[in-house]
Amino acid sequence: NAGVTQTPKFQVLKTGQSMTLQCAQDMNHEYMSWYRQDPGMGLRLIHYSVGAGITDQGEVPNGYNVSRSTTEDFPLRLLSAAPSQTSVYFCASSQNYWTNTEAFFGQGTRLTVV
Amino acid sequence: AQSVTQPDIHITVSEGASLELRCNYSYGATPYLFWYVQSPGQGLQLLLKYFSGDTLVQGIKGFEAEFKRSQSSFNLRKPSVHWSDAAEYFCAVGGTNTGNQFYFGTGTSLTVIP
């Protein structure tokens, strides 16, 4: 029973490099989302998806792209990494947004951009 | 605009003492309210949630929270704290008026002293 799996757990990037953070869930959840966690700022929503083929922007989408080609996977792409993107990234999924359901979080990816 | 305020950045309590973590929200309709806990280096785990009905909700690990519409609050309580409760606690709000988004507070860090 894996739940939400994020890879990698740690990553160091140089400014300007690109990379993809992977997120997969095995619970057949419709709703998936990406957050970044910064000290003193809590969790801020980057992008979310209410189902395969549907994505939308959250509070802090700039510098990030997402796609949702399957129900299971929701990768987050950093197009050109900047030091301001140094953060801990969490992927979350829930059955859907509207009903009485909880969000399940991955273990996080700690990203450092130098 | 929707928002969540956790006024206490850090709280220290003695083991066995009672605990109350404060959460205030701004939302134009009946909110969905959540409390999550994050242990160091881990993802977030749902403690409890309020969608409708009884305003006093019970969660895991002996936690409870009370929804007070008149005060726009959803405070988390525990009668007797255990050392293992030391963690970061996040309050979150969602609902039909938030455009499929959940909003998190900045978190309260709990230290438990023996």
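That block above? That's the structure.
About the criteria used
- Residues numbered from 1 in each chain as written.
- Chains lettered and ligands numbered in written order.
- Predicted model: local features only at pLDDT ≥ 70, side-chain atom pairs only at ≥ 80, totals over all residues.
- Heavy atoms only, no water.
- Phe/Tyr/Trp six-rings, centres within 6.5 Å; stacked < 30°, edge-to-face > 60°.
- Helix = DSSP H or I, 4+ residues; strand = E, 2+ residues; numbered from the N terminus.
- Polar contact = N/O pair within 3.5 Å; in protein donor to acceptor, adjacent residues only side chain to side chain.
- Contact = heavy atoms within 4.5 Å.

> Where do I start with the packing of aromatic side chains in this structure?
Aromatic ring pairs are described here by two measures, namely the spacing of the ring centres and the angle between the planes. All names here are of chain B. Counting across every chain of the model gives 16 aromatic pairs over all chains. For the ring pair Tyr 32 and Phe 51, a centre distance of 4.2 Å and an interplane angle of 15° mean the geometry is stacked. Here Tyr 32, found in strand β5 (residues 32–38), pairs with Phe 51, found in the loop between β6 (44–50) and β7 (56–58); they are 19 residues apart in sequence, far enough to count as distant. Between Phe 34 and Phe 102 the ring centres are 5.3 Å apart and the planes differ by 80°, which places this aromatic pair in the edge-to-face class. Taken together, the positions of Phe 34 in strand β5 and Phe 102 in the loop between β10 (87–94) and β11 (103–104) put the pair 68 residues apart, joining distant regions of the chain.

> Help me understand the side chain of Arg 44 of chain A, please; the structure alone is not making it clear to me.
Residues and elements named next belong to chain A. Structurally, Arg 44 can be placed in strand β5 (residues 42–51). In terms of polar contacts, Arg 44 uses its side chain to reach the side chain of Asp 38, at 2.8 Å. Beyond its immediate chain neighbours, meaning those up to four positions away, Arg 44 contacts Trp 34, Tyr 35, Arg 36, Asp 38, Glu 59 and Val 60.

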